[in-house]
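So the chains spell out like this:
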Amino acid sequence: MTPWPQPPALARWLVARWFDGEAREVVLGDLAEEFDEQIRAGAGVHRARLRYWRQAVSSVRARRAADQLARSRHHITRKGIMRGLAIDLRFVFRGLRRQPAFAAVAILSLAIGIGANTAIVSVVRSILLTPLPVDRPDELSLVYWARPETLRTRNYSSTGARDPEGRQLHSNYSYPIYRALRDTDTPGVALAGFNFLRSVTINIGDRPPVAAGASLVSGNYFAVLRLGVAHGRPLQESDDVPGAAPVATVTHDFWMRELGGDPAAVGRSLLINGAPFQIVGVTPPDYRGLSPGGFFPPTEITAPLAAQPVLSPSWTPEQGSLFASTDRFWVRLLARRTGGVDPEQAAAPLSATLRGMAVDAGNIDAEDTSAVSVRFLPGARGLDSLRADVERPLFILVGVSGIVLLVACANLAGLMVARGMSRQRELALRRALGASRLRLVRQLLLESGVLAAAGGLAGLLLAVWTGPAIVAAVTAGLGPVAVDVRPDAAMLAITAGVALTAALLSGLIPAIRLSGRDADHLRHRAVGDTAPRLTLGRVLIAVQVATSVPLVVGAGLFLRTVVNLDAVDTGFDPRGIGIFRVDPSLTRTPSESARFYQDLLARLEAVPGMASATLIENALVSGWISNTNVEVDGETGQMYMNAVGPRFIETTGLRLVAGRALGDQDDSSARRVAVINQAAAQRWFPGQAVGRQFVAGGDPVEVVGVVADSTYESLRRPVEPTFYDSYLQRGRGPGAMFVMFRAGVPPASLEPAVRRAVLDIDRQVPVTAFRTQMAQIDETVSRERIFARLLLIFGGFTLLLASIGLHGVTAYSVSRRTNEIGVRLALGAQRAQILWLMLRQVVILTGAGLAVGLVGAWLAGPVIASMLFGVEPGDPVTLAASAGTLFAVAVLAGWLPARRAAAMDALTALGRE
Amino acid sequence: MDPLVLIDGERHNYYILVFMRQHLSDLEQILLYAIVRLEDDAHGGGIRKLVEERTGRLLSPGAIYVTLERLESRRFVTSTLGEPTAARGGKRKRFYRLAPAGARALRETQAALDQMSRGLRARLGSR
């Protein structure tokens, strides 16, 4: 007997999947009954199964359609906060989809506000707050000492600082004092020595040399700092003894960039300043030495103090060793205090040792020792040479981004209040139907929350994208800076925090405001002519206008600063000049260096397109200067100085006013001569200057020429009395110099030829800082330029938002008062009167906002004063122009809808009733 | 969809909506008439057979079930679960009865249709 046919299993499964419990049983039962019926009726198994399939699919479709319908009402049967939230959320999304323009404006403005804040707070965090990547950085201190008046030392790579009482502190110690301090018994305190080398020359294999920042450190430096290594081993005591094999560690950045991230690079050898060093380790990824940039560039090479004779030969005294010298101060000190040792207590024995040693060495007078004391300064973040330079610009940017966020929030709050007004009926109805006020507040906050979340997401992208640009903005002109702004958990947290603040700021006011509407408003609406006046929305717009004022004023001030800086006459012609830096003295003797320079100049002048080439100690308009004490006929004072090569006059294009220029004949064997600028001639040699003498650094110098004044340090500084002397007549021979050349072609196009020329002469001298003189000047103005641009963008943005708000409020008011306008027109009012009627509130709101904003701008003035040039923060022209621009834009925003009101005809207006 | 349902999740609002919705779709009318006609034998399979016989329209068990489920939630029908029978693989079936509210709704819908169609048959043409 053939078995009774069965319905298709797959179809059964399908039904079972979509129906559950009793429904599954009933439906499957009905389907089975129908199938049996078909078989019994002789329809055939095939047709019965086909029909079963059809009925099953149809059943499932019915179930799904019913479910979909129910899902939109499901809250009916199930309660619970999450469920309600999901429904509210869906409702919010639906509402936003219905008003894409509102959503776009809201999200975009929040994205800019949140993005700007995230980026800047992240930059603040990484520059100002990130501690050194070592264990317990809070235990670290930098050990300075209060210096007395009578200090007789020669200092290398030293910097000052001030203690909390404002006393001048000194950073350096002689090597003998450093050893003695280390050996002083101070329980709970470990001392390590270090110092920075701005640049060393690295040769890896046959590749062209590169320049790198370096640190010299004591053998216990890694141990005291508790700095690990990513590969290899740290430096240790046995590396820092005379005669030890020369070794160094490289930073992770350097290892990745120059050594291809190859673990086998550990153990390899490279040339530092021409001497072979073995790489023994790679430091962890975030470590870049104790200075993130600024005065001391980030460290890439770390070598023992014992390597000083090779890595920093210029510090070595004429006789003897730097390590034995008691008057040369070149070692800085780092301390780790463990077990909560009191800094005062720890400093006492160190101070005693320092006093004794310094007096014995004759560094200070015996009766002056009371002033000498060791000071522990916070060292968790290393040296703050960068922080000091960027704190102010960062502070300004924090303020600016805060304003932008505030305006964005005020704008969104205004939009939501306005939108809420049109939803009053709905909200009131819901209140009447029993929705709790809390429930409505929650939903309105959810709406601003959704917008802030979307804005936050977009803002995060914006922050990741603009973070490096902001670092560049605040550190422009400060040289290499090692600051990471990477999207990480902290950045996400910052974004979330800012977005949440934005959501609350923009959502709370409308939420509280609107949720209070009750059923009374239902009746009001029926009357038609009592639409609310949007007082809150108008206040918010006045706030927006007020907060945009400082940004617009700031943009104006920075624009004028840039214009003023661009207009500064440098005195020389920077166009067509190229510059780069070389330092043969790191690897060559003084006489070899002098020959290198002479060869180089000769070769460069043979390069096609090259007009002339010279040398200069400090590049012009670079922020770097040299100065010295001078004595003229018994009178003492200071003069700026700059060592230069032959053909300086031709290359710079400066005018020779009197006498002669410097040339190759002015070498170390000749009498010391100098060319002075006109400012120096007026200050020191009124009348005839050529042929006169002055004393600089103990040597008599004869003035042989006078040149026109030119900018030296920066565009912001007035021309100082300056003398130019021959690079061949300086000290023990030429050190690092800039080569300055004038070309008949774009200077940048000569870079390959220049690099080849240097390589051909000496394979161990890297070309660094190649740039055009124009780029050099631009770089010193770039911070101001970037600020002008940022403030223009942000100011324009806030102005745009305020305009959108003004436009909205006026449009609303026009539609609200249509009847009134009709009546006025019917009674004979003029168009101009109607226009004014509508514009009046725009003028009042803008005026109020402007008044408050100008006071704010005036109060904020001192903050940016030091970054301005040739314009005061309270500059009346800028204030007036900014206020005028704001006012014009605001009135235009109001005029567009107001014009519509004025163009209405009385019958149409009344007919709307 | 009535917007009231969308703006709030509170239970009572739903009932406001439910009681406001009195009209019946044609499928609902057909099912209610079938229940009346079948009296004590008004279950899924019976209803399907009756509707197919009388209208030629094939309803799926699922469609019948979810529609009646909805009508029950609107208090238009009541139902009881039957005993399992061997014929359906041991599965129980559900029996439906018309509720007073359902009778009223059916009456009103029919009356409305009659009012609207009165005197118009001729214009719709005849078969």
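Predicted model only: the values in this text are computed from it and were never measured.

Undergrad: Looking at this structure, I do not really get the overall build of chain A. What am I missing?
TA: Tallying secondary structure elements over chain A gives 25 helices and 26 strands in all. Expressed as a percentage of the 913 residues in chain A, the buried residues total 52%. Within chain A, contacts between residues at least 6 apart in sequence are counted, and of these 81% link residues at least 24 apart. If you sum the accessible surface of chain A, you get close to 39,100 Å²; carbon and sulfur atoms cover 59% of it.

Undergrad: Where do I start with empty space enclosed by the protein in this structure?
TA: Empty space among the atoms becomes apparent when a probe as large as a water molecule is rolled across them. Residue and element names in this part refer to chain A. Per the stated rule, a full pass over the model turns up 7 cavities of 30 Å³ or more. Here the second largest cavity defines a volume of roughly 60 Å³. Considering the residues around the second largest cavity, the lining is formed by Ser199, Val200, Thr201, Ala211, Arg581, Val582, Asp583, Leu586, Pro766 and Thr768. Elements with a contribution of two residues or more to the lining of the second largest cavity: β6 (189-203) and β16 (577-582). For the lining of the second largest cavity, the element with the highest residue contribution is β6, accounting for 3 residues.

Undergrad: Can you walk me through the confidence of the model for chain B in this structure?
TA: Should pLDDT be low for a region, the predicted coordinates there are not to be read in detail. Residues and elements named next belong to chain B. Across chain B, the average pLDDT comes to 78, with 80% of residues at or above 70. Overall, residues 1-20 carries pLDDT values under 50, and its contacts beyond four positions in sequence, including any with other chains, amount to 36 contacts. ipTM for the predicted complex: 0.81, alongside a pTM of 0.66.

Undergrad: When you look at the pattern of salt bridges in this model, what are you seeing that I'm missing?
TA: Side-chain pairs of opposite charge can arise where the charged atoms are in close proximity. On inspection of all chains with the given rule, the structure shows 49 salt bridges over all chains. With a closest N to O distance of 4.0 Å, Arg742(A) and Asp573(A) form a salt bridge. You can see Arg742(A) sitting in strand β25 (residues 737-743) and its partner Asp573(A) sitting in the loop between α16 (535-566) and β16, a full 169 residues away along the chain. The class of Arg742(A) is buried, set by a relative accessible area of 15%. Glu605(A) is the partner of Arg647(A) in a salt bridge, and the nearest nitrogen-oxygen pair spans 3.1 Å. Pair noted here: Arg647(A) is in the loop between β19 (635-644) and α18 (648-652) and Glu605(A) is in helix α17 (residues 590-606), with a separation of 42 residues, a long-range link. Salt bridges here are not isolated pairs; linked through shared partners, they connect Glu34(A), Glu37(A), Arg51(A), Arg48(B), Lys49(B) and Glu52(B).

Undergrad: Help me out: how do you make sense of helix α1 (residues 9-18) of chain A in this one?
TA: For an α-helix, 3.6 residues make a turn, and residues three or four places apart therefore share a direction. Residues and elements named next belong to chain A. Of the residues making up α1, those classed as buried are Ala11, Val15 and Ala16. The buried residues of α1 occupy an angular sector of 140 degrees when projected down its axis, which confines them to one face. Set apart from the buried face of α1 by more than 90 degrees, the exposed residues are Ala9, Leu10, Trp13 and Arg17.

Undergrad: Looking at this structure, how should I read the packing of helix α5 (residues 100-129) of chain A against helix α13 (residues 437-475) of chain A?
TA: A pair of packed helices is captured by two measures, namely the crossing angle of their axes and the spacing between those axes. All names here are of chain A. Taken N-terminus to C-terminus, the directions of α5 and α13 make an angle of 45 degrees; their axes are 4 Å apart at the nearest point. It follows that α5 is oblique to α13 by the angle criterion. You can see that α5 and α13 cross each other, and the crossing is right-handed. The class makeup of the residues in the contact of α5 with α13 is 22 nonpolar, 8 polar and 1 charged.

Undergrad: Quick question: what am I supposed to make of unusual backbone geometry here?
TA: Note: most residues except glycine have negative phi, and most peptide bonds are trans. Located in the positive-phi region is Arg136(A), a residue other than glycine, with phi close to 45 degrees. Following the sequence through the fold, Arg136(A) ends up in the loop between α5 and β1 (140-146).

Undergrad: What is the right way to read the pairing of β16(A) from this model?
TA: Residues and elements named next belong to chain A. Most of β16 sits out of view: 5 of its 6 residues are buried. The pairing of β16 with β25 spans 6 bridges and is antiparallel. Among the inter-strand pairings, Gly578 is bridged to a residue of β25, identified as Phe741. Bridge analysis of β16 against strand β26 (residues 768-772) gives 3 bridges, and the strand direction is antiparallel. The residue of β26 that forms the bridge with Gly578 is Thr772.

Undergrad: I'm lost on the nonpolar core in this one. Help?
TA: Nonpolar side chains in soluble globular proteins generally cluster together in the buried interior. Residues and elements named next belong to chain A. If you look at the biggest cluster of nonpolar residues, it comprises 52 residues, and the most contacted ones within it are Ile202, Phe254, Ile272, Phe277, Ile301, Trp330 and Phe376. Beyond its immediate stretch of four places on either side in the chain, Phe254 contacts Ile202, Ile204, Ala212, Leu259, Leu270, Glu300 and Ile301. If you look at the next biggest cluster of nonpolar residues, it comprises 47 residues, including Ile120, Leu394, Phe797 and Leu868.

Undergrad: What should I look at first to understand the packing of α16(A) against helix α21 (residues 773-816) of chain A in this one?
TA: Residue and element names in this part refer to chain A. For the pair α16 and α21, the least separation of the axes is 7 Å and the interaxial angle reads 155 degrees. As judged from the angle between their axes, α16 and α21 are roughly antiparallel. The handedness of the crossing between α16 and α21 comes out as left-handed. Of the residues contributing to the contact of α16 with α21, the split by class is 20 nonpolar, 7 polar and 4 charged.

Undergrad: How should I be thinking about the side chain of Thr628(A) in this particular structure?
TA: Residue and element names in this part refer to chain A. Along the chain, the position of Thr628 falls in strand β18 (residues 626-632). We classify Thr628 as buried; its relative accessible area is 14%. If we skip the residues at most four places from it in the chain, Thr628 touches Gly637, Gln638, Met639, Met641, Ala696, Gly697 and Phe723.

Undergrad: Can you help me understand the packing of aromatic side chains in this one?
TA: One pair of aromatic rings is described through two measures. These are the centre distance and the angle between the planes. Residue and element names in this part refer to chain A. Per the counting criterion, the structure on display carries 22 aromatic pairs over all chains. With a centroid separation of 4.9 Å and an interplanar angle of 85 degrees, the aromatic rings of Tyr175 and Phe323 are classed as edge-to-face. Here Tyr175 is found in helix α6 (residues 175-183), whereas its partner Phe323 is found in the loop between α9 (308-311) and β13 (328-329), with 148 residues between them in sequence. Classification of Phe323 as partly exposed rests on a relative accessible area of 21%. Sitting over the face of the ring of Trp684, Arg683 holds its NZ or CZ atom 3.8 Å from the ring centroid.

Analysis parameters
Residues numbered from 1 in each chain as written. Chains lettered and ligands numbered in written order. Predicted model: local features only at pLDDT ≥ 70, side-chain atom pairs only at ≥ 80, totals over all residues. Heavy atoms only, no water. Helix = DSSP H or I, 4+ residues; strand = E, 2+ residues; numbered from the N terminus. Buried < 20%, exposed > 50% of the residue type's maximum accessible area, 1.4 Å probe, protein only. Contact = heavy atoms within 4.5 Å. Areas by Shrake-Rupley, 256 points an atom, 1.4 Å probe, with all protein chains shown as cover. 1 Å grid on protein atoms, 1.4 Å probe; cavity = no way out; pocket = protein on both sides within 12 Å on 5 of 7 lines; lining within 4 Å. Points joined across faces, edges and corners; volume = space filled by probe spheres on them. pLDDT = per-residue confidence, 0-100. Salt bridge = Lys/Arg side-chain N within 4 Å of Asp/Glu carboxyl O. Arc of directions from axis to C-beta. Axes fitted to C-alpha atoms, helices over the stretch in contact; angles between N-to-C directions. Parallel < 35°, antiparallel > 145°, perpendicular 65-115°, else oblique. Left-handed = near helix turned anticlockwise from the far one by under 90°. Nonpolar A, V, L, I, M, F, W, Y, C, P; charged D, E, K, R; others polar. Pairing = 2+ DSSP bridges. Core = buried A, V, L, I, M, F, W, Y, C linked by side-chain atoms within 4.5 Å. Phe/Tyr/Trp six-rings, centres within 6.5 Å; stacked < 30°, edge-to-face > 60°. Lys NZ or Arg CZ within 6 Å of the ring centre and 35° of its normal.

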